[in-house]
Amino acid sequence: MGHDRLTVFDTTLRDGEQAPGFSMRIHEKIRLAKQLDALGVDIIEAGFPIASEADAEAVKAVAAAVRRPIVAALSRACAGDIDKAGVALRGAARARIHTFIATSDLHLERKLNMTREACLAAATAAVVHARRYTDDVQFSAEDATRSDPDFLCRVVEAVIAAGATTINLPDTVGYSTPEEIAEFFTSIIARVPNADKAVFSTHCHNDLGLAVANSLAAVGAGVRQVECTINGIGERAGNASLEEVAMVLRVRPDRHPYDTGLDTRAIFGTSQLLTELTGQAVQSNKAIVGRNAFAHEAGIHQDGILKDRRTYEIMRPEDVGVPSTTLVLGKHSGRHAVQKRCEQLGVTLTRFEVDRVYRRMVSFADAHKHMTDAQLRAIVDEVRTSEAAGAAALPSQAGPARIRPDVHGTVTEPGYGHGV
Ligand code: KIV
Ligand code: ZN
């Protein structure tokens, strides 16, 4: 409490959706938008209406489907795009037009073939035009972090004077570093005379793996809107990952004292839904939502977790909606985890049995990598049968023929969605 409030602008349905392999159909976008609403994002960027009729329809459908979050639509800085966005947003309870133009000389000269003065005029006219549809107008200076700072200050001042209420300065190609982006925002905010009339926003791409670090550095420099996506999807290496930003704020309020409207317990479900809708797996070691984020296989770690989970976990899985910590039984596991898993399956082992089951489990996992609960039960049965038969020694090779790696049973991991 008492912390500054950050606005969370989710662009999964726009920047995320435009990346290869992530396109979604209208009914899928509506499902995700409702889930983003439940997650508590402040703004849902629903699409880029001029890009295609389907995008325009999706923006309309999302605008009709959610009432609490602001729904934003993207447009270039020209009247035709803005009209298309304005019309698509008509049914929204709260609509934002997001208009952008590149401001770096590289983009102006090589891509747009435009002078700085023409860019300044187009940016200002776009904001004035967008204000005819809504009071909530966001202006983005594409490639801002590689733009000439003097020119960028002129553009920002002019668009605020024209009525832009949010100024987004993207690190479009993920080129910045945290120190640099902090200095960048500090300087722009200090130099633009009417900076206090707008909210500054950061939109970082992950080409160097710095999108989240850069976003947080920007916040430290006075930015109060963070643009991000679920699972960090987006152009090329993606955008800042919403779940990572959210959990840094939650786990490290000592360093990042900001509030959001997010319910972090909805994070995992949202990530899983996106995976389901796009068929695109999340890398297993992805922070917060990867299948290994709360899984432990190494014996020393499992032993530590069983004694006090804070030894190897800095956040509780339930705080991000992951059902529980997972102790994966594999060749690196220890006796403690074997005993615990058997207990969870309702099997109490003697010390002698723990030792036998553990050794069988390790040799089995050596050969087959994964061990399901059914396979573990089969090993317990084998050990007990051979014990009863008075067998003195157990085979040291991989598990017996009837413990097949494809035995259908519960893998000792939570239910990660298809494709993961
Ligand atoms: O990365 C970028 O510059 C963008 C803008 C359109 C906001 O996605
Ligand atoms: Zn982007």
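Note that this is a predicted model, so its numbers are computed, not measured. In every chain, residue numbers begin from 1 and rise along the written sequence. Key to labels: chains lettered from A, ligands numbered from 1, both in the order written. With pLDDT at 70 or above as the cut-off, local features in this predicted model cover only qualifying residues; side-chain atom pairs require 80 or more to be listed or tallied, and sums for whole chains, interfaces and linings still use all residues. Calculation of side-chain values draws on the structure's entire complement of heavy atoms; hydrogens and water are dropped beforehand.

Attention shifts here to the pattern of salt bridges. Salt bridge, as used here: a side-chain nitrogen of Lys or Arg that lies within 4 Å of a carboxyl oxygen of Asp or Glu. One pass over the full model with this rule turns up 36 salt bridges. Here Glu53 ties to Lys84 by a salt bridge, and the two come within 2.7 Å at their closest N and O atoms. One end of the pair, Glu53, is in helix α3 (residues 53–65); the other, Lys84, is in helix α4 (residues 79–88), with 31 residues separating them in the sequence. Overall, the relative accessible area of 28% leaves Lys84 in the partly exposed class. Between Arg154 and Glu117 there is a salt bridge, and its shortest N-O distance comes to 3.1 Å. With Arg154 in helix α7 (residues 149–162) and Glu117 in helix α6 (residues 116–130), this residue pair connects regions lying 37 residues apart in the sequence. Because the salt bridges share partners, they merge into one network encompassing Arg335, Asp355, Arg356 and Arg359. The helix and strand labels rest on DSSP assignments: H or I over at least four residues marks a helix, E over at least two residues marks a strand, and numbering proceeds from the N terminus. Three exposure classes are used, based on accessible area relative to the maximum for each residue type with a 1.4 Å probe and protein chains only: buried under 20%, partly exposed in between, and exposed over 50%.

What follows covers the packing of α6 against α7. Two numbers describe how α6 lies on α7: the axes approach to 8 Å, and their chain directions differ by 25 degrees. One element, α6, and the other, α7, form an angle in the roughly parallel class. Both α6 and α7 take part in a crossing whose hand is right-handed. Note on element contacts: α7 touches α6 through Phe151, Arg154, Val155, Ala158, Val159 and Ala162, opposite Arg116, Glu117, Cys119, Leu120, Ala123, Thr124, Val127 and Val128. To define axes, lines are fitted to C-alpha atoms, for helices over the stretch in contact only, and angles between the resulting N-to-C directions are given on a 0 to 180 degree scale. Under this scheme an angle from 65 to 115 degrees is roughly perpendicular, one under 35 degrees roughly parallel, and one over 145 degrees roughly antiparallel; angles in between are oblique. Left-handed is the label given to a crossing in which the near helix is rotated counterclockwise from the far helix by less than a right angle, and right-handed is the label when the rotation is clockwise. Residue contacts follow a heavy-atom distance rule, with two residues in contact if any of their heavy atoms lie within 4.5 Å.

By volume, the largest pocket is sized at about 450 Å³. Every residue lining the largest pocket is counted, 26 residues in all, and those nearest its centre are Asn231, Gly232, Ala237, Gln283 and Lys286. Put plainly, a pocket is an open set of points on a 1 Å grid over the protein atoms alone with protein on both sides within 12 Å along at least five of seven lines, a cavity is a set where a 1.4 Å probe fits but cannot get out, and a lining residue has an atom within 4 Å of a point. Grid points are joined across faces, edges and corners, and a volume is the space filled by probe spheres set on the points. Estimates place the volume of the second largest pocket at around 300 Å³. The wall of the second largest pocket is formed by 19 residues, among which Arg14, Asp15, Phe100, Glu142 and Thr172 lie closest to the centre. For the lining of the second largest pocket, the secondary-structure elements that each account for two or more residues are α1 (12–16), β4 (70–76), β5 (95–102) and β6 (137–142). Three classes are used: nonpolar for Ala, Val, Leu, Ile, Met, Phe, Trp, Tyr, Cys and Pro, charged for Asp, Glu, Lys and Arg, and polar for all others, with Gly counted as polar. Grouping the amino acids of the lining of the second largest pocket by side-chain chemistry returns 5 nonpolar, 7 polar and 7 charged.

Each aromatic ring pair is described using two quantities: the centre-to-centre distance and the angle formed by the ring planes. Side-chain rings of Phe, Tyr and Trp, where Trp is taken by its six-membered ring, are said to pair if the distance between their centres is within 6.5 Å; with planes under 30 degrees apart they count as stacked, over 60 as edge-to-face, and otherwise as tilted. Per the stated rule, a full pass over the model turns up 2 aromatic pairs. Ring plane angle 80 degrees and centroid distance 5.2 Å describe the contact between Phe184 and Phe185, whose orientation is recorded as edge-to-face. Take Phe184 and Phe185: they sit in the same class, and that class is buried.

As a further point, take the site of ligand 1. Near ligand 1 you find Arg14, Asp15, His98, Phe100, Ser140, Glu142, Asn168, Pro170, Thr172, His203 and His205, and these make up its full shell. We call two N or O atoms a polar contact when they sit within 3.5 Å, provided that within protein one can donate a hydrogen and the other can accept it, with sequence-adjacent residues counted only if both atoms are side-chain atoms. Between Asp15 and ligand 1, the recorded distance is 3.0 Å, taken from a side-chain N or O atom to an oxygen atom. Separating an oxygen atom of ligand 1 from a side-chain N or O atom of His205 is a distance of 3.1 Å. Protein contacts shield 93% of the accessible area of ligand 1, which totals 260 Å² for the unbound molecule. If over half the atoms of a molecule are within 2 Å of the grid points of a cavity or pocket, the molecule is regarded as sitting in it. Of the pockets mapped on this structure, ligand 1 occupies the second largest pocket. Only α1, β5 and β6 provide two or more residues apiece to the shell around ligand 1. Classifying every residue of the shell around ligand 1 by side-chain character gives 2 nonpolar, 6 polar and 3 charged. For this description, a residue counts as near a given molecule or strand if any of its non-hydrogen atoms is within 4 Å of it. Computed by Shrake-Rupley with a 1.4 Å probe, the accessible areas treat only the displayed protein chains as cover when residues are assessed.

Burial analysis of strand β3 (residues 43–47) places 5 of its 5 residues in the buried class, which makes it a mostly covered element. Strands qualify as paired when DSSP identifies two bridges or more between them. Pairing analysis gives 2 bridges linking strand β2 (residues 7–10) to β3, with the strands arranged parallel. Opposite Phe9, over in β3, you have Ile43 as the bridge partner. The pairing of β3 with β4 spans 4 bridges and is parallel. Opposite Glu45, over in β4, you have Ala72 as the bridge partner. Assignment of crossover handedness uses the view with strands pointing away from the viewer, where a clockwise path from the first strand over the helix to the second indicates a right-handed crossover. Between the parallel pair β3 and β4, the chain is carried across by α3, and the sense of this crossover is right-handed.

Function cannot be read off these values alone, since they describe shape.
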